[in-house]
Amino acid sequence: MNTKDRLASIWEGSNPPGFSPLEQNITTQVCVVGGGIAGVSAAYQLAKRGFKVTLIEAFQLASGQTDRTTAHLTTQLEEQFLELVKMHGKESTRLFHEAHRSAIQTIETICETENISCDFKRLNGYLFRGENFSEKNLLEEKKAAHECGIELDFVAETPLLREGISSLKFENQAQFNPIKYISGLVRVLGDLGVSIFEGTHIRHLNNTQSDLTTLTTDNGFEIKANYVVVATDTPISTRFSIHSKQFAYRTYAVAFQVSQSPMEEVLLWDTEDPYHYVRFVGDTLVVGGADHRTGQSPEKDPFYEIEDWTRQNFSFVGDVCWKWSGQVFEPADQLPYIGKNPGLESNIFIITGASGVGMTTGTFGSLLISDLIEGKENPYASLFDPNRAPMHGVGEYMMENVNVAFQYKDWITPSQVKRREDIPEDSGSLLRDGLSKSCVYHAQGENFETKSAVCPHLGGIVHWNDIEKTWDCPCHGSRFNTEGKVIEGPSLSNLLEP
Ligand SMILES: Cc1cc2nc3c(=O)[nH]c(=O)nc-3n(C[C@H](O)[C@H](O)[C@H](O)COP(=O)(O)OP(=O)(O)OC[C@H]3O[C@@H](n4cnc5c(N)ncnc54)[C@H](O)[C@@H]3O)c2cc1C
Ligand code: FES
C-alpha cells in the first residue's frame, strides 16, 4: 500500500478504503491536511464536535509514518523521567506522562464506542537495563518517576529476557494494529459527513491574518477554510521556525518469525541510545531501533545491527519475515509542538515533534487542537505550545543545528562517481557539473533519472537512501522518490530539473 518507500511494513494489507482526489474549489469550516493518526484523529474529534471537516491527503490515508510504526502505546518510550525532570521539572513531566496515559485511554474508548476492531490489547511494558545503565541508574529513574507521582515497580527479572536483567514495569500499556484503527476511524468519518480526498497534495498555504485560509493543491484547486489543522508529521505551514527546533531521524524495524506463542505478551524497550523497542505482532517478534540522523548514513547496516542484537537477546526467534524503516522528528526539548502555527495570528494549527511516540501524541494532539479551535481550556496547551523557545533543550538545540549547518558542506564536495554509468542499477549518486550538483538515479540499462540535488526547502543537498530508494535531505528531513517527487515535507515542491 505504501507508494513512497520501497519496503512494505508489517501492516500491509489492512488498508483503509480509497478516496478520489479533489477536482474543484471548495469551502469548509476545518481543513485537516495529512491522513495519518494525527490528522484522522483530529478530523474525528472535530466532526464529533459538530464542525464541517474536510480531510486532505497527498497519497493514501495512513501511508505516511503511521504505516511505518510498531504501534506501542506507552506512557514512556522515548525519554527517561530523570532527563525530563531535569529539563522541565516535576509537574510538566507528570503532565506529559498523563497526556500519554489519557491518549491510550482515548484510543481504547474510541475502539469500544465506535466498534473498531484493531487488535487493541492492554499489556505491561518494561524499560530494561541496557549496557549503559546500572541497577542504581534504574532505581534513580524509578525515584524520579515517583517524585512526579508516577509509580513504577522495579523487577529483578524481565519477561522474555535472559536471567539477571532488571527493569522498571509500566502497567496498563497497550498495543494495536494502527492501520486497522485508522480504517475504523475512516468508516466513522464517513458517517459523520467528513469529506475526504486522497492523491491531493497541498502546494501552498496563504498564512494571512484573514478569517479564511486558502490552501492550493498541485492541480491549482483552492480550499478555503476557517481553520486549518496541519498534521503532516513535520509541518508544511512553517518554513523555518519549527524546523530549527526538531530534527529528522531514520529508524528501523525487523519482524522475526516465532515458532511458539510467547509465555507473556509484553512491550519492551531499553535504556540505550538509540534504544531498542520490542513487541509481538501475531506470531512475529518486531524489534525496532538503530536510529540515525536522516541523510547521514550509519557505518553499520541498521537491519544487521537489529538482527544481531535480537539474536543475542531472544534465542527463540526464527527467520526474518519483514523489515522496513521510517522517519521520526525529535524535538530539541523532548516535548511535541501542538497548537497555533508559530509566529502567526492565523487560524492554522500544527501537531508535530512526536518522536517515537506519535500514536499517543497524535491522539492527545487531536484533542488539544479541537479544544483550541473551540476556544476551550486544555491542561496541556502551554506545555506543548509551538511558540515556546527551546530554553530547556538548548544544548541539544545547538548541537543539532550545528549538524544541520555542517550538511551544507555538500555544496562543495566532489562527485560521488566519475560517470553516471558507474552508478549501480537501482541506485543513486551525486554528480557535480561545474558549480551545480545533480542527483542521478540509475534505474536499469540506459535509463537514468537526473534532478537538481538541491532541496527546494532551504537548499540542503539530498542524499541517496539505498534502503528505501529515496533522496533524503539531511537538513530537515524532506524526502523525494526516484523521480524527484516530494514524498515528505517540509519541502512543498519536487526536486527541480538540473
Ligand atoms: C519504525 C517506526 C516505529 C515507530 N514506533 C512507534 C511506536 O511504537 N509508538 C508510537 O507511538 N509511535 C511510533 N512511531 C512514530 C509514529 O509512527 C509517528 O510519529 C506517527 O505515525 C506520525 O503520525 P502523523 O499522523 O503525525 O504523520 P503521518 O502518519 O506521516 O501522516 C502525515 C500525512 O500527511 C501527508 N502529507 C504530507 N505533506 C502533505 C501535503 N503537502 N499535502 C497533503 N498531505 C500531506 C502524508 O502523505 C502523510 O500521509 C514509530 C515510527 C517509526 C518510523
Ligand atoms: S528539508 Fe530543509 S533544506 Fe531540505
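For the structure, check the block above.
The present account deals with the structure reproduced in this document. (Residues numbered from 1 in each chain as written. Chains lettered and ligands numbered in written order. Predicted model: local features only at pLDDT ≥ 70, side-chain atom pairs only at ≥ 80, totals over all residues. Heavy atoms only, no water.)

## Re the packing of helix α2 (residues 81-88) against helix α4 (residues 135-147)
Their axes nearest at 8 Å, the elements α2 and α4 cross at an angle of 50°. Comparing the axis directions of α2 and α4 gives the class oblique. Residues Phe81, Leu82 and Val85 of α2 form the contact with α4, whose participating residues are Glu140, Glu141, Ala144 and Ala145. Across the contact of α2 with α4, the residue classes break down as five nonpolar, no polar and two charged. (Axes fitted to C-alpha atoms, helices over the stretch in contact; angles between N-to-C directions. Helix = DSSP H or I, 4+ residues; strand = E, 2+ residues; numbered from the N terminus. Parallel < 35°, antiparallel > 145°, perpendicular 65-115°, else oblique. Contact = heavy atoms within 4.5 Å. Nonpolar A, V, L, I, M, F, W, Y, C, P; charged D, E, K, R; others polar.)

## A look at the sheet that holds strand β20 (residues 447-452)
The sheet built from three strands is open, its strands ordered β18-β19-β20 with antiparallel pairing. Among the strands making up the open sheet, the edge pair consists of β18 (427-433) and β20. Put simply, the sheet's adjacent strands are angled 30° from each other on average, direction ignored. Direction of pairing for strand β19 (residues 436-444) relative to β20: antiparallel, over a ladder of six bridges. (Pairing = 2+ DSSP bridges.)

## Observations concerning the site of ligand 1
Taken together, 38 residues are adjacent to ligand 1, and Glu57, Gln65, Thr66, His72 and Met359 come closest. One of the backbone N or O atoms of Ala38 is found 3.0 Å from an oxygen atom in ligand 1. The separation between an oxygen atom of ligand 1 and a polar main-chain atom of Met359 is 2.8 Å. Listed by contribution, the elements that provide at least two residues to the shell around ligand 1 are α1 (37-48), β15 (317-331) and α7 (358-374). Taken together, the residues of the shell around ligand 1 sort by class into 15 nonpolar, 19 polar and four charged. (Near = heavy atom within 4 Å. Polar contact = N/O pair within 3.5 Å; in protein donor to acceptor, adjacent residues only side chain to side chain.)

## Considerations on the pattern of salt bridges
Counting across every chain of the model gives 31 salt bridges. Here Asp422 ties to Arg419 by a salt bridge, and the two come within 2.9 Å at their closest N and O atoms. With a relative accessible area of 35%, Asp422 lands in the partly exposed category. For Arg419, a relative accessible area of 47% corresponds to the partly exposed category. What emerges from the salt-bridge pattern is a single network uniting Asp5, Asp67, Arg68, Glu468, Asp472, Arg479 and Glu488. (Salt bridge = Lys/Arg side-chain N within 4 Å of Asp/Glu carboxyl O. Buried < 20%, exposed > 50% of the residue type's maximum accessible area, 1.4 Å probe, protein only.)

## Here we look at the layout of surface pockets
Space inside the second largest pocket adds up to approximately 300 Å³. Glu131, Arg162, Glu272, Trp309 and Asn313 are, among the 14 residues lining the second largest pocket, the residues nearest its centre. Looking at which element gives the most residues to the lining of the second largest pocket, the answer is helix α6 (residues 302-313), with five residues. Of the residues contributing to the lining of the second largest pocket, the split by class is three nonpolar, three polar and eight charged. (1 Å grid on protein atoms, 1.4 Å probe; cavity = no way out; pocket = protein on both sides within 12 Å on 5 of 7 lines; lining within 4 Å. Points joined across faces, edges and corners; volume = space filled by probe spheres on them.)

## What to know about the environment of Ile423
Note that Ile423 resides in the loop between α8 (394-407) and β18. Note on Ile423: relative accessible area 1%, which makes it buried. C-alpha separation for the pair Ile423 and Phe448, spaced 25 residues apart in sequence, amounts to 9.7 Å. Setting aside residues up to four positions removed in sequence, Ile423 forms contacts with Val417, Gly428, Ser429, Val440 and His442.

## Quick word on the sheet that holds strand β22 (residues 470-472)
Spatial strand order, β21-β22-β23-β24: four strands in an open sheet with antiparallel pairing. Bordering the open sheet on either side are β21 (463-465) and β24 (486-488), each of which pairs with just one other strand. Examined bridge by bridge, β21 and β22 share three bridges and lie antiparallel to one another. Note that in β22 the partner of His463 across the bridge is Asp472.

## Description of the environment of Tyr181
Assignment of secondary structure puts Tyr181 in helix α5 (residues 178-191). Taking the C-alpha atoms as reference points, Tyr181 and Phe120, separated by 61 residues in sequence, lie 8.6 Å from one another. Look past the residues within four positions of Tyr181 in its chain and what remains in contact with it is Ile37, Ile107, Ile110, Cys111, Ile116, Cys118 and Phe176.

## Re the state of the cysteines
The tally for this structure, following the rule as stated, stands at zero disulfides. Distance from the sulfur of Cys118, which forms no disulfide, to the nearest cysteine sulfur (Cys111) is 3.5 Å. Residue classification places Cys118 among the buried residues on the basis of a relative accessible area of 2%. There is no disulfide at Cys439, and the cysteine sulfur nearest it, in Cys455, is 10 Å away. Taking the relative accessible area as the measure of exposure, Cys439 reaches 1% and is therefore buried. (Disulfide = S-S within 2.5 Å.)

## Considering the packing of aromatic side chains
Enumeration over the complete set of coordinates arrives at 16 aromatic pairs. Taking the centre distance of 5.9 Å and the plane angle of 65° together, the rings of Phe96 and Phe384 count as edge-to-face. Taken together, the residues span a long stretch of sequence, with Phe96 in helix α3 (residues 90-113) and Phe384 in the loop between α7 and α8 at a distance of 288 residues. The two residues Phe96 and Phe384 agree in class, both being buried. Each member of the aromatic cluster is reached from another via a ring pair, and the members are Phe128, Phe280, Trp309, Phe314 and Phe316. (Phe/Tyr/Trp six-rings, centres within 6.5 Å; stacked < 30°, edge-to-face > 60°.)

## Describing the pairing of β18
The buried fraction of β18 is high, at five of seven residues. Taken together, the seven bridges between β18 and β19 define a ladder with antiparallel strand orientation. For Leu431, the partnering residue across the bridge sits in β19 and is Ser438. Between β18 and β19, which pair antiparallel in sequence order, lie two residues; one of them, Gly434, sits at a positive phi of approximately 65°.

## Digging into the packing of α2 against α3
For the pair α2 and α3, the least separation of the axes is 7 Å and the interaxial angle reads 130°. The angle between the axes of α2 and α3 places the two elements in the oblique class. For the element pair α2 and α3, the recorded crossing hand is right-handed. Residues Phe81, Leu84, Val85 and His88 of α2 form the contact with α3, whose own contacting residues are Lys90, Ser92, Thr93, Phe96 and His97. (Left-handed = near helix turned anticlockwise from the far one by under 90°.)

## Re empty space enclosed by the protein
Following the criterion strictly, the structure yields two cavities of 30 Å³ or more and no others. Approximately 130 Å³ is the volume attributed to the second largest cavity. Going through the elements one at a time, α2 and α3 are the ones with two or more residues in the lining of the second largest cavity. Top contributing element to the lining of the second largest cavity by residue count: α3, with three residues.

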